[in-house]
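Residues per chain are reported as follows:
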Amino acid sequence: MKRRETIKSMLVGGIAGPLFIAGCQPEHADVKIKGKESTPGPYGRTDKEKEHDAKVYASKFLTEHELATIAVLCDLILPATATAGSATDAGVPEFMDFIVKDITSHQLPIRGGLMWLDHRSGRLFDTNFISCNMQQQKQILDEIAYPDDVAPELAQGAEFFSRMRNLVLTGYYTTRMGIDDLGYQGNVANVWDGVPEDVLAKHGMSYEKEWLAKCVDQSKRDVLAQWDEEGRLVE
Amino acid sequence: MVREVLTDDEGLATGVSYINKDDRQEYELKAKVVVLAASACSSARILLNSKSKQHPGGLGNSSGVVGKYLHDSTGASRSAFIPALMDRKLYNEDGTGGMHIYFPWWLDNKKLDFPRGYHMEAWGGLGMPSYGFGFDPNELNVHIGKKVGGYGDQLRKDVKSFYGSTVGISGRGECIAREENYCEIDPHVVDEFGIPVLRFNYTWTDHEMLQGKHMHDTFEEILTAMGGVLLGTKPGKEDDYGLAAPGRIIHEVGTTRMGNDKKRSVVNANQQLHDAKNVFIVDGGPFVSQADKNPTWTILALSWRTCDYIIDQLKKQDI
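Residues numbered from 1 in each chain as written. Chains lettered and ligands numbered in written order. Predicted model: local features only at pLDDT ≥ 70, side-chain atom pairs only at ≥ 80, totals over all residues. Heavy atoms only, no water.

Looking at an unreviewed UniProt entry, one finds chain A named Gluconate 2-dehydrogenase subunit 3 family protein and attributed to Candidatus Opimibacter skivensis.

Here's what the structure looks like:
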């Protein structure tokens, strides 16, 4: 299902909100972005999917100028910080190159939007977007980056920038670099210690002693059970 | 891809005809026993497409019940932004959503305006980003008096601030099985193998609608008590109280219902066709009702039981 349809059906269903979208499983959930590489990961694919992947990877859509503009936008949206790399460091332009080929509904709005951006730069600064200095680039973004505060005649630019921002963030936070920056931890083999005690305490909660006694003592979690010759549990 | 179950002059199964998806040719497989497990609707489709002199209305359909009493779980959801969960300490929260933290049905139906009930599943948490993560990254700013949108370091900060701050609840309930909800062979449409497909006739009644309304009242009560800002709008009667379209919860069952009376059911207590004793159905089709929970484990248990029965019958040479 296309994301727009998802949102629509979610709204009808009474759900809305952006962040938990990560919790559902979209069609392309297992697309991995591996830095500069542009081949699919080692995860399981059916023959049909492999055929589709090969076709997508062999095709070309974005031009060099478009990709160069995207790279500039990437680092305006997510510049490097003291602890994390920028969107281009994470390979987001390569992700963009891939995703518009994989989800073709992005093609026209991205291409048209990039052209809109160059047109706007031309009007304001007499050159295309990538040739502007950063201050000029930010001046253009400030006009279109806040959807609740956009001049009506620039609404299409805001629509483009919102799409671009969505894709840049999704591309970034699905890389190792982005995941580290976000702090997603996920499962660790053989460790489950529930919600940390201090977090529970902060919300006025705690695990019941009676239940804790039934759970694995974390200091002994690597100890294997022992059975006697008749299969009775010794320890 | 099975087209139909083949039968002999006595109406017993002799095997199946199927299409090999690689060479697109039709083949026949001979068998002493045929076990259908194509999922509730597809097994009904195979039976309805297996017409013969002995089974003019489709195999196993002398009762006319194949395809009828189709029912899926009811489903509705709501979510909320919990400001108290912003800027959380991060830890492993995998599984808080997907494994279905589960609230069993808790009320006495005598005091309610609908039969049966539903359970709830809670979700949210510090999940792994996948495609779609970061879309509308700081839309929730609208609830805390900050500006939506932007770029740069502030945007990066917002993404982290809101990470794990929304929770949701989904209700999954029991739909009452009715003869009027059914699938049947579409007289106009075939699939890519030339096999006629199903079409569906299904409506919710007040049983399900009022259940959906009750779900939404409950979601609101819980999420509000959590200090949540409810997201989206509360669906009303005109939106079927937010019930997902029939089939969306993918718990479809009931199309080859079980029963002792061969005039009113398709299979017996061993999931064996009343009309052909060497054909069995081991998917959700034989369910006469469904609990509000996922049907798979019950399907497995009944399949196991049917397998034991088939072995027993083969040993006794009764089938």
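1. Examining the overall build of chain A
Scanning chain A from N- to C-terminus turns up ten helices and zero strands. Listed by position from the N terminus, the elements making up chain A come as α-α-α-α-α-α-α-α-α-α. Relative to all contacts within chain A whose residues are 6 or more apart in sequence, the contacts with residues 24 or more apart total 56%. A total accessible area of about 14100 Å² is found for chain A, and carbon and sulfur atoms account for 54% of it. (Helix = DSSP H or I, 4+ residues; strand = E, 2+ residues; numbered from the N terminus. Contact = heavy atoms within 4.5 Å. Areas by Shrake-Rupley, 256 points an atom, 1.4 Å probe, with all protein chains shown as cover.)

2. Concerning the overall build of chain B
Along its length, chain B carries four helices and twelve strands. Principal axes of the C-alpha set define a box for chain B whose edges measure 75 × 55 × 40 Å. Within chain B, the proportion of its 319 residues that are buried is 51%. Sequence separation of at least 24 residues holds for 68% of the intrachain contacts in chain B that already meet a minimum separation of 6. When the accessible surface of chain B is split by element, carbon and sulfur atoms take 54% of a total near 14900 Å². Here chain B contributes 36 positively and 42 negatively charged side chains, and the mean placements of these two sets differ by 2 Å. (Buried < 20%, exposed > 50% of the residue type's maximum accessible area, 1.4 Å probe, protein only. Lys, Arg positive; Asp, Glu negative; His and termini not counted. Charge placed at Lys NZ, Arg CZ, Asp CG, Glu CD.)

3. What to know about the pairing of strand 1 (residues 2-7) of chain B
Residues and elements named next belong to chain B. As paired strands, strand 1 and strand 2 (residues 13-19) are joined by five bridges and run antiparallel to one another. Within strand 2, the position partnered with Thr7 by the bridge is Ala13. The antiparallel hairpin formed by strand 1 and strand 2 contains five residues in its connecting segment, where Gly11 sits at a positive phi of about 85°. (Pairing = 2+ DSSP bridges.)

4. Here we look at the pairing of strand 3 (residues 26-30) of chain B
All names here are of chain B. Relative to strand 3, strand 2 is paired through five bridges, and the arrangement is antiparallel. Following the sheet pairing, Ser17 is matched in strand 3 by Glu28. Counting the residues in the hairpin turn of strand 2 and strand 3 gives six residues, including Arg24, whose phi is positive at 60°.

5. Some words on the interface of chain A and chain B
Interfaces are often sized by the accessible area lost when the parts come together. Taken together, the 63 residues of chain A in the interface contact 47 residues of chain B. When chain A packs against chain B, the two sides together hide about 4900 Å² of surface, and 61% of this comes from carbon and sulfur. Scanning the region where chain A abuts chain B turns up four salt bridges. One salt bridge connects Asp198 of chain A with Lys89 of chain B, and the closest N-O pair in it is separated by 3.0 Å. Summed over the shared surface of chain A and chain B, the number is 21 residue pairs in polar contact (both at pLDDT 80 or more). (Buried area = accessible area lost by both parts, 1.4 Å probe. Salt bridge = Lys/Arg side-chain N within 4 Å of Asp/Glu carboxyl O. Polar contact = N/O pair within 3.5 Å; in protein donor to acceptor, adjacent residues only side chain to side chain.)

6. Focus: the packing of aromatic side chains
Summed over all chains, the structure comprises 14 aromatic pairs over all chains. With 5.0 Å between their ring centres and 85° between their planes, Tyr172 of chain A and Tyr173 of chain A make a pair best called edge-to-face. The same class applies to Tyr172 of chain A and to Tyr173 of chain A, which are both buried. Ring centres of Trp105 of chain B and Tyr118 of chain B lie 4.9 Å apart, and the angle between their planes is 50°; this geometry places the pair in the tilted category. Here the residue Trp105 of chain B occupies a position in the loop between strand 6 (101-103) and strand 7 (118-124), and Tyr118 of chain B occupies one in strand 7, the gap between them amounting to 13 residues. Between the NZ or CZ atom of Lys214 of chain A and the centre of the ring of Trp211 of chain A, over which it lies, the distance is 4.4 Å. The ring of Tyr69 of chain B carries Arg257 of chain B above its face, with NZ or CZ at 3.7 Å from the centroid. (Phe/Tyr/Trp six-rings, centres within 6.5 Å; stacked < 30°, edge-to-face > 60°. Lys NZ or Arg CZ within 6 Å of the ring centre and 35° of its normal.)

7. A word on the nonpolar core
The tendency in soluble globular proteins is for nonpolar side chains to be buried as a group. Judged by nonpolar contacts, the single largest core of 50 residues is most densely connected at Leu73, Ile110 and Met164 of chain A. At the level of secondary structure, the elements contributing two or more residues to this core comprise helix 3 (64-77), helix 4 (92-102), helix 5 (107-125), helix 6 (134-144), helix 7 (155-173) and helix 8 (176-182) of chain A together with helix 2 (153-162) of chain B. At nine residues, the largest contribution of residues to this core is made by helix 7 of chain A. Among the nonpolar cores identified, the runner-up in size contains 29 residues, and Val34, Leu59, Leu70 and Tyr241 of chain B belong to it. (Core = buried A, V, L, I, M, F, W, Y, C linked by side-chain atoms within 4.5 Å.)

8. Concerning the confidence of the model for chain B
Interpretation of the predicted coordinates at a detailed level should be avoided for regions scoring low in pLDDT. Averaged over every residue, the pLDDT of chain B is 96; the share at 70 or more is 99%. Confidence estimates for the predicted assembly give a pTM of 0.84 and an ipTM of 0.83. (pLDDT = per-residue confidence, 0-100.)

9. Focus on helix 3 of chain A
Counted at 1.5 Å a residue, the expected span for helix 3 of chain A with its 14 residues is 20 Å, and the 20 Å between its end C-alpha atoms agrees. Those residues of helix 3 of chain A not exposed but buried are Glu66, Thr69, Ile70, Leu73, Cys74, Leu76 and Ile77 of chain A. Down the axis of helix 3 of chain A, the buried side of the element spans an arc of 165°, and every buried residue falls inside it. Buried residues belonging to helix 3 of chain A abut helix 4, helix 5, helix 6 and helix 7 of chain A together with helix 2 of chain B. (Expected span 1.5 Å × (residues − 1). Arc of directions from axis to C-beta.)

10. Some details on the packing of helix 7 of chain A against helix 2 of chain B
Put simply, helix 7 of chain A and helix 2 of chain B touch, their axes get as near as 13 Å, and they point 65° apart. The way helix 7 of chain A lies across helix 2 of chain B gives a crossing that is right-handed. The residues of helix 2 of chain B that touch helix 7 of chain A, namely those facing Arg165, Leu169, Tyr172 and Tyr173 of chain A, are Leu155, Arg156 and Val159 of chain B. Grouping the constituent residues of the contact of helix 7 of chain A with helix 2 of chain B by class yields five nonpolar, no polar and two charged. (Axes fitted to C-alpha atoms, helices over the stretch in contact; angles between N-to-C directions. Left-handed = near helix turned anticlockwise from the far one by under 90°. Nonpolar A, V, L, I, M, F, W, Y, C, P; charged D, E, K, R; others polar.)

11. Observations regarding the environment of Cys215 of chain A
Here Cys215 of chain A is to be found in the segment after helix 10 (209-212). Once the C-alpha coordinates of Cys215 of chain A and Tyr172 of chain A are considered, the two residues, 43 residues apart in sequence, prove to be 38 Å apart.

12. Observations regarding the sheet that holds strand 1 of chain B
Whenever strands of a sheet pair, they do so through backbone hydrogen bonds, lying parallel or antiparallel. Residues and elements named next belong to chain B. Spatial ordering of the open sheet is given by 1-2-3, a layout of three strands whose pairing is antiparallel. With one partner strand each, in any of the chains shown, strand 1 and strand 3 form the two edges of the open sheet. Here the strands of the sheet are splayed against their neighbours by 25° on average, with no regard to which way each runs.

13. Examining the layout of surface pockets
Approximately 1200 Å³ is the volume found for the second largest pocket. In terms of lining residues, the second largest pocket is bounded by 37 residues, among which Val195 of chain A together with Tyr91, Glu93, Thr96 and Ile101 of chain B are the most central. At the level of elements, helix 9 (197-202) of chain A together with strand 6, strand 7 and strand 8 (166-173) of chain B are the ones that each hand at least two residues to the lining of the second largest pocket. Residue composition of the lining of the second largest pocket, grouped by class: 19 nonpolar, eleven polar and seven charged. (1 Å grid on protein atoms, 1.4 Å probe; cavity = no way out; pocket = protein on both sides within 12 Å on 5 of 7 lines; lining within 4 Å. Points joined across faces, edges and corners; volume = space filled by probe spheres on them.)

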